[in-house]
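Structural overview
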Amino acid sequence: MLIVDVLLAGFTLGGMYALIAMGLTLQYGVARIMNLSYGEVLVMSAFGTWFAVTRLDWNPVAVLLASLPLGYLASWLIYRVLMMPLVRRSGAGPALEVDSILATFGLLFLLQGVLLLAFGGNYYSYSYLSQPVDILGSQVAANRLVVLGFAAAIGLGLYLLLTRSRLGTAVRAVAVAPRFAPLVGIDVWRLSAIAFGIGGALVAGGGTLLSMFLPFSATMGVVFAMKALVVVIMGGVGNLLGCLVAGLMLGFAETLVARFVDPGLTLAVNFALFLLVLLLRPAGLFGRVAR
Amino acid sequence: MLEIAGLSVRYGKHLALDDVALKVGRGEIVVMLGANGAGKSSLLKAVGGMVKREPGASIRLAGTELAGLPAHRIVGAGLALVPEGRGVFGELTVRENLALGAFPHRGRAAEADNFERVQNLFPRLRERLDQAVRTMSGGEQQMVAVGRALMSAPAILLLDEPSLGLSPLMCKELFQALARIRDDGTGVLLVEQNARQSLAIGDRGYLLEGGRVVGSGSAAALGADPAVRAAYLGVAHGEAA
């Protein structure tokens, strides 16, 4: 059935976009770091998964369980070691945004260079649960269902962490009013490192999930970072619900256009949608204009 | 309880606070009177670690030196600041703001009790626990700010112009709550432009002028002093109260 096809494809793609964008919005909205090397972390995780699956014979789901904490640890370290000097130097000023863009731009090329050296420029993939499953008369690869399920579970877990735990509430407090956070004993730098780390866990998990159903190459990180940024801005910076809605919108727009018009137009539709949202709501779908 | 000595703050060349010394005891309300620009806000910000202190300052709470601590450690040591403008998390709910008040470890042990206490102190908050603070009136936001500070079980509460922009009714309710907080054993250092009302509930007071402490005494004595009455209570010399 066509409609089931479109729904499943749209939810899988959109869910992936939403998941990746949630990590970026944590890094930008809480830690105030515009991380341009974000997509490279995604691709590194995808290659790491490929290596573990094809060379070490791991199950991709087991790799996912490892890539979440590894992504957290690596990103936490990036914040503490590479970003901390910039954070200290900027005080709480706007210089941090420019400095972090330049620093992570450098990191982007460093990571991409390492990947190109190790894997070259070709597309990689492995086969995992690629046999079709029949859902309401539609044939769909089982791996996409697994990906969709895990993306939803990780997104839900993040939502619960941020809204139901004291640590998560503190992360949101830093996002909305970093100046006031010390009044309740919150160490803003410590929380920023944690939020940056959680963002890294999400994108590393996203990389592993992506590798389960899409081929990937060393240079495609930029595309994902760009799409994640589009989703973040469309949804409203720092807003998780915005990420979910904007991510799904983008996923469905791409699926519909690729299906009914022309696959070559997906990127154009992405940005047309982006422009339309920004024209109507400049602060994003769920964003509030800063006062 | 709280003993401050040699506290100075400098903004560039301007000396905003000059060698200030003061004490706040357990269960007393100490009022800091002063004109605009006298350094009242700088004093509270300096104590709370929100602005840089000049070297040589001593801020001792129950014998523990706090002058070296960063802002986020001060509240955990027992000094809770409610800044001018309240400093609440507007996008978060009342419940979340209060829960964050207990973020420091000292607030965790009696969190449930303190949560109940804050709601008894400000019954208005009980009905609005799940409302975003940004959508509330100024007086209600002030209650959230004071309640959040109380959730950290502070030994000393520092309040910067809590009545600013509040209706007379809200103002009265707030000052009654402050008196009850004092009666529960918490020390309160209150910076206020509303000198009449703050001296009415206060135990002692200091006069701050040009960044220096120029006078002190019991609230009753300050309230009766003709010079204080002229400067802060808007009563002319010789006029009957």
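Rules used in this analysis
- Residues numbered from 1 in each chain as written.
- Chains lettered and ligands numbered in written order.
- Predicted model: local features only at pLDDT ≥ 70, side-chain atom pairs only at ≥ 80, totals over all residues.
- Heavy atoms only, no water.
- Pairing = 2+ DSSP bridges.
- Helix = DSSP H or I, 4+ residues; strand = E, 2+ residues; numbered from the N terminus.
- Bend = angle between axes of the 7 residues up to and from the residue.
- Polar contact = N/O pair within 3.5 Å; in protein donor to acceptor, adjacent residues only side chain to side chain.
- UniProt positions renumbered as here; feature names shortened; annotations may be inferred.
- Salt bridge = Lys/Arg side-chain N within 4 Å of Asp/Glu carboxyl O.
- Buried < 20%, exposed > 50% of the residue type's maximum accessible area, 1.4 Å probe, protein only.
- Contact = heavy atoms within 4.5 Å.
- Buried area = accessible area lost by both parts, 1.4 Å probe.

**Brief notes about the pairing of strand β2 (residues 14-24) of chain B**
Residues and elements named next belong to chain B. Bridge analysis of strand β1 (residues 2-11) against β2 gives 7 bridges, and the strand direction is antiparallel. Looking at the pairing, Glu 3 lines up with Lys 23 of β2. Linking β1 back to β2 in an antiparallel pair, the connection comprises 2 residues, with Gly 12 at a positive phi of about 60 degrees.

**Structural notes on helix α3 (residues 60-90) of chain A**
Residues and elements named next belong to chain A. Taken as a whole, α3 carries its principal kink of about 55 degrees at Met 83; the proline Pro 85 stands between one and four residues after it. The backbone nitrogen of Val 61 lies 2.8 Å from a side-chain oxygen of the residue at the head of α3, namely Asn 59. Phi for Gly 91, located one or two positions after α3, is positive at around 65 degrees.

**Focus: the UniProt feature "transmembrane region" (unreviewed entry) in chain A**
All names here are of chain A. In the numbering used here, UniProt assigns the "transmembrane region" (unreviewed entry) feature to residues 6-26, 33-52, 58-79, 100-121, 141-162, 192-216, 228-253 and 265-286. Secondary structure over residues 58-79 splits into 91% helix and 0% strand, and the C-alpha atoms at its two ends are 30 Å apart. Between the C-alpha atoms that bound residues 141-162 the distance is 33 Å, and the span itself is 95% helix and 5% strand.

**Quick notes on the pattern of salt bridges**
Residues and elements named next belong to chain B. Going through the model one piece at a time under the given rule, you end up with 19 salt bridges over all chains. The residue Arg 204 makes a salt bridge to Glu 28 at a minimum N-O spacing of 2.8 Å. With Arg 204 in strand β9 (residues 204-209) and Glu 28 in the loop between β2 and β3 (29-34), this pair connects stretches of sequence that are 176 residues apart. By relative accessible area, which is 25% here, Arg 204 ends up partly exposed. A single salt-bridge network, built from bridges that share partners, covers Arg 124, Arg 128, Glu 140 and Glu 173.

**Observations regarding the interface of chain A and chain B**
Across the boundary between the two partners, chain A contributes 21 residues, which contact 22 residues of chain B. Summed over both partners, the interface of chain A with chain B comes to about 1,900 Å²; 66% of that surface belongs to carbon and sulfur atoms. Of all residues in chain A, the largest losses of buried area upon contact with chain B belong to A:Arg166, A:Leu183 and A:Val184, amounting jointly to 38% of the total for that side. Across the contact surface, chain A and chain B share 2 salt bridges. Its salt-bridge partner being B:Glu96, residue A:Arg172 comes within 2.9 Å of it at the nearest N-O pair. For the pair chain A and chain B, the number of links is 4 residue pairs in polar contact (both at pLDDT 80 or more). At the level of secondary structure, the elements contributing two or more residues to the side of chain A that touches chain B comprise α6 (166-176) and α7 (188-213) of chain A. In terms of residue count, the dominant contributor to the side of chain A that touches chain B is α6(A) (6 residues).

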